[in-house]
There are 2 protein chains.
Amino acid sequence: MGLPEVAPGDDLARLLVEAAKRQSLVLRQGDVFVVAQKIVSKAEGRIVRLDSIEPSERAERWAAEYHKDPRVIELVLREAASIVRMERGVIIAKTRHGFVCANAGVDISNAPAETALLLPENPDRSARMLQEQLARAFGVHVGVIISDTFGRPWREGLVNVALGVAGMAPLVDYRGQRDPHGKMLQATVIALADELAAASGLVMGKLDRVPAAVLHGVTISEGSGSGRDLIRPAEKDLFR
Amino acid sequence: MGLPEVAPGDDLARLLVEAAKRQSLVLRQGDVFVVAQKIVSKAEGRIVRLDSIEPSERAERWAAEYHKDPRVIELVLREAASIVRMERGVIIAKTRHGFVCANAGVDISNAPAETALLLPENPDRSARMLQEQLARAFGVHVGVIISDTFGRPWREGLVNVALGVAGMAPLVDYRGQRDPHGKMLQATVIALADELAAASGLVMGKLDRVPAAVLHGVTISEGSGSGRDLIRPAEKDLFR
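This text gives an overview of the structure that appears in the document. (Residues numbered from 1 in each chain as written. Chains lettered and ligands numbered in written order. Predicted model: local features only at pLDDT ≥ 70, side-chain atom pairs only at ≥ 80, totals over all residues.)

The next thing to look at is the packing of helix α3 (residues 57-66) of chain B against helix α4 (residues 70-79) of chain B. Residues and elements named next belong to chain B. The contact between α3 and α4 brings their axes to 8 Å, and the two run at 125°. In terms of orientation, α3 and α4 fall into the oblique class. Crossing of α3 over α4 shows right-handed handedness. Contact with α3, carried on its side by R58, A59, E60, W62 and A63, involves P70, I73, E74 and L77 of α4 and no other residues of that element. Looking at the contact of α3 with α4 residue by residue, the class counts come to six nonpolar, no polar and three charged. (Axes fitted to C-alpha atoms, helices over the stretch in contact; angles between N-to-C directions. Helix = DSSP H or I, 4+ residues; strand = E, 2+ residues; numbered from the N terminus. Parallel < 35°, antiparallel > 145°, perpendicular 65-115°, else oblique. Left-handed = near helix turned anticlockwise from the far one by under 90°. Contact = placed C-beta atoms within 7 Å. Nonpolar A, V, L, I, M, F, W, Y, C, P; charged D, E, K, R; others polar.)

Structure (structure tokens):
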């Protein structure tokens, strides 16, 4: 779904509705909108001018060692609730939301010159607001996912994942059900919202101006879950 | 794509071609077959009868502590090239292929009673063989992905990922290209094969007999890459 460049204060739901109409998309009950974090952040004004940032000594040292912009590193450190790894030029941090990701979600690509984009303050709230407006505009129930591309331990390459979720259950729990051999499934909870986000990554190119996608024909259950449900609690996590 | 139950020695390519014909699927240049690891393992006879396994003392101790089947734990330990985490009842291991995953890929769900499924010996080779046979049968170039559902650190739920890849480049490298703001992208390599695997997870349910999917309309490049390219080398990995 192509969109014009998004600016702070823009009504993102309206832009999405207009884009869908331009493309003659017919929305059906249970369709899912996946919206790139970068346009949500832009609409919500989560843009920081780098010349407003005074780097700390820690940011200066790290930036000098790894040839980074110290103002960006300072932003990363400020956005981090805790540092999970900080070595070899890579910063993996836990954000205040609880996401563990590179650079605490601070992004300088896809941002205007001399600025950086921060993650939305509350991606679930952003998703809920969009979900209500889109459902009203189209007259059908839709799911909404706010997505970002994250790296993963052990595997190369980025994949799109779900940060904020509204209008659908993000996890599908098969535990207690039986497989075709009659065996009880014990550990099978599928991250449906992450699979939907990844699928949308196939059409949301990094270079094209395609910051949103509509997925048809998916079975979502209108659960009350949120993107938070996809974050593993620290006490259950073996990799912090 | 529905399939009959797969047994050791079955010609999987033939079963997939027959299923596609039954469903009147027209294969187009660049379509991608995603095939669940479990049917590849079954066809390749990677099934172990649990009564043939003599658990070691280590497997017995762990199994007793966490109420597991010691024969399955023994298999997990045998399949593991190294243990990444072994605590709180969870075993995260690196397999001989280099995958880091729960239980070294040993699966007792979706396997006949009193048996366990191991990962294919060489998922890339399995993918290549299927790719050649399917391309010949349909007369068009297709990509093939052998997929499995893996958990992730930090995030709840499983997602489908690519173990073996043939007929397509598994990674798409945007580095050096410019975003819409004219900035050079520095860290953007997308795990296309994993996004395709995740997308197929949307139709390959855990309970339905849908162990394969065909994805239309995807832009793949006919690279010579393989699933190994998706494995981050240990020296670049911060989470071992």
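What follows concerns unusual backbone geometry. At A:E114, a position not held by glycine, the phi torsion is positive, near 60°. Tracing the backbone shows A:E114 in the loop between β5 (100-102) and β6 (115-117). In this structure A:E114 comes out as partly exposed when scored by C-beta crowding, with 13 C-beta atoms within 10 Å. For B:H67, which is not a glycine, the phi torsion comes out positive at approximately 55°. Here B:H67 shows up in the loop between α3 and α4. (Buried ≥ 20, exposed ≤ 12 C-beta atoms within 10 Å, placed from the backbone.)

Attention shifts here to the sheet that holds strand β3 (residues 80-87) of chain B. Residue and element names in this part refer to chain B. Read across the sheet, three strands follow the order β3-β4-β5 without closing on themselves; strand pairing throughout is antiparallel. Taken across any chain shown, the strands that pair with only one partner, and hence form the sheet edges, are β3 and β5 (100-102). Strand-to-strand twist of the sheet, defined as the mean angle between neighbouring strand axes without regard to direction, takes the value 30°. In terms of strand pairing, β3 meets strand β4 (residues 90-95) through six bridges, oriented antiparallel. Looking across to β4, one finds that R85 is bridged to I92. (Pairing = 2+ DSSP bridges.)

Laying chain B over chain A is done by rotating through 180° and shifting 0.0 Å along the axis; what remains is an RMSD of 0.0 Å. Taken together, these values place the two copies in the relation of a two-fold axis. The rotation axis passes nearest to the C-alpha of B:A199 in chain B, at a distance of 2.2 Å. Of the interface residues in chain B, 100% have counterparts in chain A that sit at the interface too, so the contact is made through matching surfaces. (Least-squares fit on C-alpha atoms with pLDDT ≥ 70 in both.)

No statement about biological role is implied by the geometric values presented.
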